[in-house]
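Below are the chains, spelled out letter by letter.
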Amino acid sequence: MEFKSICKYYPFRVTVSLLTAFLAGALWTLVFTGGNVANGPGDPLFWAIVCTLFLPAVLYWQQKLYRHHVQKVLFMLDAIENNDNAIHFSETEPNMDSHLVNRALNRVAHILYNVKSETAQQEKYYELILDCVNTGILVLNDNGAVYQKNSEALRLLGLSVFTHVSQLNRVDPRLTQVLTNCHPGDKLQITFSNERGTVNLSVRVSNITVRKEHLRILALNDINSELDEKEIDSWIRLTRVLTHEIMNSVTPITSLSETLLGLTTESPEPSDSKGYNTESCNIKEEIRNGLQTISSTGKGLLAFVESYRKFTRIPTPEPSLFYVKGFIERMVGLSRHQHPGLQITFHTHIAPDDLILYADENLISQVVINLLKNAIQAIESDKMPDKEGRICIRAYCNEAEAILVEISNNGPAIPQDIAEHIFIPFFTTKEGGSGIGLSISRQIMRLSGGNISLLPGKETTFVLKFN
């Protein structure tokens, strides 16, 4: 066996170090007990000094082998930290110590790499789970940096990239302030507007400490549908009570007035041989006129109440599959037929051409016809005669596979103070309007599993969303 190979063994280097230390100790003992025997190379003092000076070199020689293995460990850790899974130490060395060390390092590297891979897979797994939930999740530190977010949070906030709370200033500064100042245990509600319309957010805050850093976990939920549903149900209950009471009161009045009116139309009895009782005829005429007024007013009130009863008697949807393109073309043709002489241009864009919707076609047609009617009336009310009327209908499928139908017109925009109330039953700004068109449309969309909203902007744009 070569000397160089022997030098790689720990026992050999330890033996050399111990022998050097023992020899130095023996020589110094001899020097102190026997005195100087001779001068020159045979002097024990000379060899004691030589062994003493040689001892640090031997110890360094032994430590160098130890440092060589430490460097291997550090190299392995750096490789793992840099995701270098190709790290491998030779296990074919003849030196048994190096062989065992290299083999152990390879095992440790393999175990650490597996643990790191499993941790990364678990993080990816949890991210996929977060992206599947309908609740937006944000993880923020105390400085406002975003540690974690899911796709639902980005959708609710209307952002594609979100790394710091200050980015919300582009959406609504109030939203930035709320999320910055919220504390664990808070339950907040905030309303803001983005390109999707008005969003009502419910925010719940909790906290956690990870690696000695305090983090806040925010759960975001869009409560628009819940608020709309409660509001609609309240209006329906109120309308049912009102219509029931009004119908019960008006129906007998109308019936009685018609009966009395029929009696007054009979021929008056003569008062004498010369003619009729003029005073009696005048009284009957006044009674007849009053009863006619009561009857016509009662009928008008019944018709008025009957129109409101439609709001509470929307039939249960019977969905079926139908092509959106053909459906939109029929709605446009029907609108042209109902408003002959229209000087309005219709623009339709359906992507793809074979887009299919699963809903109750008859009920959805009521919604679309009502929106087209409102768009036509808005354009006709415009005081600019030189302006060309335009109605745009766009249907497409978004990333969440929901189908959206946008109906916009270039008529006067709806003022913000009015836009907040347009879906409230019986609210109207039109002379002679009933105020239930948009309310019924919203109720139909809710029953169909979707919703209707008004987008903010210069042009009036309503969006029908079918989930």
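Residues numbered from 1 in each chain as written. Predicted model: local features only at pLDDT ≥ 70, side-chain atom pairs only at ≥ 80, totals over all residues. Heavy atoms only, no water.

1. So, the nonpolar core
- Ranked by internal contacts, the top residues of the largest apolar core, which has 42 residues, are Ile-391, Leu-464 and Phe-466.
- It is helix H10 (residues 361-380) that provides the largest number of residues to this core, a total of 9 residues.
- Each residue touching Phe-466, except ones within four places of it in the same chain, is listed here: Leu-357, Ala-359, Ile-364, Ala-402, Ile-403, Val-405 and Met-445. (Core = buried A, V, L, I, M, F, W, Y, C linked by side-chain atoms within 4.5 Å. Buried < 20%, exposed > 50% of the residue type's maximum accessible area, 1.4 Å probe, protein only. Helix = DSSP H or I, 4+ residues; strand = E, 2+ residues; numbered from the N terminus. Contact = heavy atoms within 4.5 Å.)

2. Digging into the pairing of strand S12 (residues 403-409)
- Within S12, 7 of the 7 residues are buried, which leaves it mostly tucked inside the rest of the structure.
- Side chains of S12 alternate between two faces, with Ile-403, Val-405, Ile-407 and Asn-409 and Leu-404, Glu-406 and Ser-408 buried alike.
- Where strand S11 (residues 389-397) and S12 come together, 7 bridges link them in antiparallel fashion. Note on S12: the bridge partner recorded for Ala-395 is Val-405.
- Where S11 folds back on S12, the antiparallel hairpin that results is connected by 5 residues, among which Glu-401 adopts a positive phi of roughly 65°.
- Across 7 bridges, the pairing between S12 and strand S14 (residues 460-466) is antiparallel. Bridging from a neighbouring strand, Asn-409 pairs with Thr-460 of S14. (Pairing = 2+ DSSP bridges.)

3. A few points about the pairing of strand S10 (residues 356-359)
- On S10, burial follows the alternation: Leu-357 and Ala-359 on one face are buried, whereas Ile-356 and Tyr-358 on the facing-out side are not.
- Relative to S10, strand S8 (residues 320-323) runs antiparallel, the two sharing 4 bridges. Following the sheet pairing, Ser-320 is matched in S10 by Ala-359.

4. Some details on unusual backbone geometry
- That bond from Ala-351 to Pro-352 is cis: its omega, -5°, falls within 30 degrees of zero.
- With respect to the secondary-structure elements, Pro-352 resides in the loop between strand S9 (344-350) and S10.

5. Describing helix H9 (residues 324-338)
- Given a rise of 1.5 Å per residue, 15 residues ought to cover 21 Å, and the 21 Å separating the end C-alpha atoms of H9 matches this to within 8%.
- For H9, every residue scored as buried is listed here: Val-324, Phe-327, Ile-328, Met-331, Val-332 and Ser-335. Take H9 and look down its axis: the buried residues cluster within an arc of 135°, on one side only.
- For H9, the elements touching its buried residues are S8, S9, S10, H10, S11 and S12. (Expected span 1.5 Å × (residues − 1). Arc of directions from axis to C-beta.)

6. Looking at the pattern of salt bridges
- Going through the model one piece at a time under the given rule, you end up with 5 salt bridges.
- Glu-406 is the salt-bridge partner of Arg-394, the closest N and O atoms lying 3.5 Å from each other. Placement of the pair is Arg-394 in strand S11 and Glu-406 in strand S12, with a sequence separation of 12 residues.
- Relative accessible area serves as the criterion here: at 17%, Glu-406 is assigned to the buried category. (Salt bridge = Lys/Arg side-chain N within 4 Å of Asp/Glu carboxyl O.)

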